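Okay, here's what each chain looks like letter by letter:
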Amino acid sequence: MRSSLVATKGLRLVRGPSVRRDAARRRWTVVGAIASLALASGLIGYLTTPAGVNEPRTGPFSYFPSQ
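Computed from a prediction, not measured in an experiment: that's the story for all the values here.

K.L.:
Would you explain helix α1 (residues 19–48) in this entry?
P.N.:
Along an α-helix, residues three or four positions apart point the same way, because every turn accommodates 3.6 residues. A rise of 1.5 Å per residue sets the reference length of α1, with its 30 residues, at 44 Å; its end C-alpha atoms lie 43 Å apart and thus fit the reference within 8%. Near the N-terminus of α1, the side chain that reaches the backbone nitrogen of Arg 20, with its oxygen 3.2 Å away, is that of Ser 18.

K.L.:
Please clarify how the pattern of salt bridges should be interpreted in this entry.
P.N.:
A pair can form between side chains of opposite charge whenever their charged atoms are brought close. Inspection of every chain in the model, using the stated rule, returns one salt bridge. Here Arg 25 ties to Asp 22 by a salt bridge, and the two come within 3.4 Å at their closest N and O atoms. With Arg 25 and Asp 22 both in helix α1, this residue pair falls three residues apart, about one helical turn. Given a relative accessible area of 10%, Asp 22 falls into the buried group.

What counts as what
- Residues numbered from 1 in each chain as written.
- Predicted model: local features only at pLDDT ≥ 70, side-chain atom pairs only at ≥ 80, totals over all residues.
- Heavy atoms only, no water.
- Helix = DSSP H or I, 4+ residues; strand = E, 2+ residues; numbered from the N terminus.
- Expected span 1.5 Å × (residues − 1).
- Polar contact = N/O pair within 3.5 Å; in protein donor to acceptor, adjacent residues only side chain to side chain.
- Salt bridge = Lys/Arg side-chain N within 4 Å of Asp/Glu carboxyl O.
- Buried < 20%, exposed > 50% of the residue type's maximum accessible area, 1.4 Å probe, protein only.

Next comes the structure, spelled out in structure tokens:
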């Protein structure tokens, strides 16, 4: 007799024998997607920063004159 917990819908590569493993796989997929998006955003930000900019002029005291 087949278990009622076995997934019968979706891609075969995504389905697993355990509901917990499926949930863990989905969780790790989301974590990986967020981490790769953050890495790609950081890389794009690094590559688009103008050359020679060493010190950003923003911060809590950037509105006060320095001299």
